[in-house]
Structure formats: structure tokens, C-alpha cells
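If you want the building blocks of each chain, they are given just below.
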Amino acid sequence: MDNEIQLISDGDGLAVIGHPAAVERFLVSEGLPSTDLGLPRLGSVLSAGAAAAQAGSTIAAHSGRWVQLTKESAQLVDRFGLMPTKTPGVSHAMVGDPGSIQKWLQISSKGPGAIAGNPALLAGAAGIMAQLAMQQSMKEITDYLATIDEKVDDVLRAQKDAVLARMIGVGFIIEETMTIREARGRVDEVTWSKVQGAPTTIAETQAYALRQLDALAEKLERKTTIGDLAKAAKEAESKGREWLAVLARCFQLQDAIAVLELDRVLDASPSELDGHRLGLRTARQNRLELISRCTERLLARMEAAAGRANAKVLLNPMDSPAVVKSSNHVSIAIVEFHGRLGIEGDRQSSEARRWTDAAMEVRDKALETGADGVGVAKRLGNDTLGRAKWATGVLSSRIAERTLRRRRDDEED
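Definitions and cut-offs
Residues numbered from 1 in each chain as written. Predicted model: local features only at pLDDT ≥ 70, side-chain atom pairs only at ≥ 80, totals over all residues. Heavy atoms only, no water. Salt bridge = Lys/Arg side-chain N within 4 Å of Asp/Glu carboxyl O. Buried < 20%, exposed > 50% of the residue type's maximum accessible area, 1.4 Å probe, protein only. Helix = DSSP H or I, 4+ residues; strand = E, 2+ residues; numbered from the N terminus. Arc of directions from axis to C-beta. Contact = heavy atoms within 4.5 Å. Polar contact = N/O pair within 3.5 Å; in protein donor to acceptor, adjacent residues only side chain to side chain. pLDDT = per-residue confidence, 0-100. Pairing = 2+ DSSP bridges.

(A) Looking closely at the pattern of salt bridges. Taken as a whole and assessed by the stated rule, the structure comprises 19 salt bridges. Look at the salt bridges and you will find they share partners, linking Glu 140, Glu 336 and Arg 340 into a network.

See the structure below:
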């Protein structure tokens with residue numbers, strides 16, 4: 001009916017499907033920004049027969065919008081009590097507008113037009129929602145690469161390794177294939193053949209970048225003097241940012257390949273779409289965990305280096321603050337990198353203890369204790385000094401605020 005809509009969630013996004021006017025009323029009443037779901041493409045997942053004809057007419061008469069799940073939209077999902085379906089990881093509900101857009105009521109989800117009653121149609125909707133979520137992630141990474149003032153292609157060109165050189169070419173091919181996909185609305189065998197070998201090259205580049213970050217972490221651990229530690233920390237600050245950019249680009253291209261894969265399966269084997277979607281979701285999570293472990297190791301080494309430097313601030317008034325400064329910069333870079341890729345967690349930054357503060361503390365304690373002052377200075381040099389902490393939630397909030405403002409601007413445009 002014109003005043004009923006269907007809600008579908010896969011954990012990453014929310015699809016709102018129904019009569020165009022009802023969908024618009026619902027989104028306005030809930031204050032949710034959205035993008036087009038691309039509902040007509042679901043016709044590809046339908047089999048022949050009366051059920052397919054009925055579902056096809058439902059698609060033709062309805063509109064679909066996709067909402068990225070945030071804290072606010074997740075609360076909406078909880079409020080309407082979406083129920084699990086036979087499609088793994090996907091929940092569904094139907095709500096109706098009794099006349100006031102201020103109140104939507106849950107109604108039966110077993111009507112003739114309910115998408116939950118057509119497994120193929122529901123699987124197709126889940127597949128398209130997965131694509132939209134990955135495309136949103138790709139946009140976030142594009143913004144991230146722009147904010148670090150270095151294009152990843154420039155970083156790659158500065159390297160002489162053959163694996164990274166191939167990465168540039170693969171990126172061009174994937175972008176070309178995505179353009180063809182947008183123009184044609186599907187990925188046929190010819191289009192897919194362009195990128196079949198791309199995942200291998202991307203995986204090689206990702207592995208190379210992870211090894212480089214591990215090497216930076218190991219170098220920090222091996223240094224024994226504060227002077228050498230300062231040099232290693234500075235290298236980690238400059239090189240680490242570049243390799244994070246390479247990893248971000250790898251992840252972006254892997255998401256693009258996944259989008260193309262889902263379209264190819266949708267075009268060639270619709271019945272296998274749901275299984276492929278779940279497989280891609282697991283593979284993506286595994287990549288995130290691998291990247292998280294590597295970057296967390298570097299964070300731990302940088303944090304340990306900052307502690308060592310702070311403990312020797314009196315004897316190294318120039319190098320010790322430099323180590324802590326580099327550690328803070330690396331921490332901030334990795335926290336932002338994690339935020340763009342959707343890796344959860346937090347990290348605190350260390351504030352270098354000023355040499356004059358440490359010296360004054362030794363002087364004051366020496367005056368108080370007289371001859372024991374020498375012992376105080378010795379203990380001060382050996383103990384790890386207290387470090388002020390900055391909660392990186394502030395950084396995450398700023399990133400979220402920038403993203404929200406950008407989305408609002410896009411909606412206004």
C-alpha cells in the first residue's frame with residue numbers, strides 16, 4: 001500500500017523500500033540522509049514464474065533508499081524491532097503510516113508484497129546493500145588520502161619495487177571497469193575479464209606494505225641509544241604515513257573488486273549471490289584484523305619508545321622530546337587510518353616532558369633532601385616519568401564531525 005514501507009538491515013546499512021512518497025515521508029520524519037538503493041537492478045535475481053512477475057511488479061512500483069548505519073540509525077532499527085529472516089545476517093520489518101509522519105507503526109511482514117517472502121529478492125537486496133556500504137567506505141578512503149596531502153600514486157611512483165609499480169596499473173584498470181559498470185548497470189563476462197587478475201597484485205602490495213611497517217617497528221625495538229631511537233622514530237613518522245596510504249589504497253581497490261564481483265555473480269549466477277556476499281564479508285573482516293594487528297604493533301613500539309625517551313629526558317634534552325613528538329604523530333596518523341577503514345579501538349598520545357620541568361623537579365627535591373638530592377636525580381633518570389594523555393576520542397569526534405558536515409553539504413547540494 002502507498003502508506004507502507006519495508007525496512008531491511010544487514011548490519012551495515014538500512015534499506016527503506018516502498019512507495020516513493022511514503023519512503024520520502026519516513027526519511028524526513030526520522031531525519032535520515034540516504035542514497036538511491038538502485039532497486040530496479042533486483043530484477044536480475046528473479047526466476048521465471050508467477051512469483052517473479054509479482055515481485056517484478058512490486059519493484060517497478062516502489063522506490064528504495066539506503067541509509068548507512070550510524071548510532072542514530074541503529075537505534076531506529078532497534079525501535080522498530082526488525083526480525084531475522086532466512087537470509088543470514090539480514091533482518092526485515094514492515095511499518096505503516098497511519099496518517100501522521102510523526103508516528104510509524106509496525107505491521108505484518110507477511111503480506112503479498114513483502115520482500116521477506118521472496119528469498120531471491122531478499123538476497124539481491126542484501127547484495128546491493130553490501131555494495132553500497134563498500135562504496136561508502138571507498139569514498140571515506142578517498143577523503144583520507146586527500147587529507148594527508150599526498151596522493152598514493154605519488155608515493156607508489158617514488159618506489160622502485162616492481163610490485164608497487166604493478167599496483168598503479170591495476171588501479172587504473174579497476175577504475176576503468178567501475179566506470180563501465182556505472183554506464184552499463186551490470187558486469188558481464190567481458191567487463192569482468194579486465195580485472196580477474198587484479199586481486200593477486202593487490203594482495204602482494206598489501207603484504208609488502210605490512211612488511212614495511214613491521215620493519216619500522218622492529219627497528220625501533222633494536223635501538224639502544226636515545227639518539228638512534230630519535231632517528232628511527234623520525235623515519236617511522238615519515239615512512240609510516242606513506243605505507244598507511246598504500247594500505248588504504250589496497251583496501252579501497254579490494255572493496256572495488258568486491259563490488260564488481262557481486263555484480264558479476266548477480267549477472268551470471270543469482271542463486272549464488274547470498275553465499276558470495278557472506279564470503280566477501282568474512283574475507284573483508286579478516287583483512288581488517290590483519291591490518292589492525294600490524295598497525296597496533298607499530299603503535300606499541302612507538303609508545304614504548306616514548307616511554308624510554310621520557311625516562312632519559314634530562315640526559316637527552318633534544319632527542320627525547322623529538323622521539324615523543326614522532327610517537328604522537330604516528331599515533332594520530334594510525335588512529336585516523338583506523339577510523340577511515342572502520343577499525344574500532346582507541347589510542348592515547350604521549351606528551352613529552354619538558355627538560356626544564358624535569359630539571360626543576362630534581363632541583364626542588366635536592367633542596368628539600370640535601371645530600372639525598374643526588375640519589376633523587378639518579379632515580380628520576382631511571383624511572384619512567386608520568387605522561388599526560390590525550391584521549392583520541394577527540395580526534396575520532398572531529399573526523400565524525402567533518403564527515404557529517406560533508407554529508408549535510410552534499411544533501412543541500
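(B) Main features of helix α1 (residues 20–30). Buried within α1 we find Ala 22, Val 23, Phe 26 and Leu 27. Looking down the long axis of α1, one finds its buried residues gathered within 130 degrees of arc, a one-sided arrangement. Buried positions along α1 lie against β1 (4–9), β2 (13–18), β4 (63–68), α3 (71–80) and β6 (91–96). Immediately downstream of α1, the backbone of Gly 31 shows phi near 65 degrees, a positive value.

(C) Molecular detail of the side chain of Arg 277. Structurally, the position occupied by Arg 277 is in helix α10 (residues 273–311). The exposure class assigned to Arg 277 is buried, which follows from its relative accessible area of 5%. A distance of 2.8 Å separates polar atoms of two side chains, one belonging to Arg 277 and the other to Asp 274. Not counting residues within four places of it along the chain, the set of residues in contact with Arg 277 comprises Thr 87, Pro 88, Val 90, Ala 126, Gly 127, Ala 130 and Leu 262.

(D) Highlighting the confidence of the model for the protein. On average, residues of the protein score 78 in pLDDT, and 73% of them reach the 70 mark or higher. Least confident of the elements in the protein is helix α13 (residues 373–382), whose mean pLDDT is 31; most confident is helix α7 (residues 189–193), at 94. Every residue in residues 47–51 scores below 50 in pLDDT, and together they form two contacts with partners more than four places removed in sequence or on other chains. Counted against residues more than four places away or in other chains, residues 369–400, with its pLDDT under 50, gives 46 contacts.

(E) Main features of the pairing of β1. Counting buried positions along β1 yields five of six residues, so the element is predominantly enclosed. In this structure, β1 lies alongside β6, joined through six bridges in antiparallel fashion. Its bridge partner being in β6, Leu 7 is matched across the sheet by Ala 93. Where β1 meets β2, five bridges bridge the pair, whose relative direction is antiparallel. Paired with Leu 7 across the two strands is Val 16, which belongs to β2.

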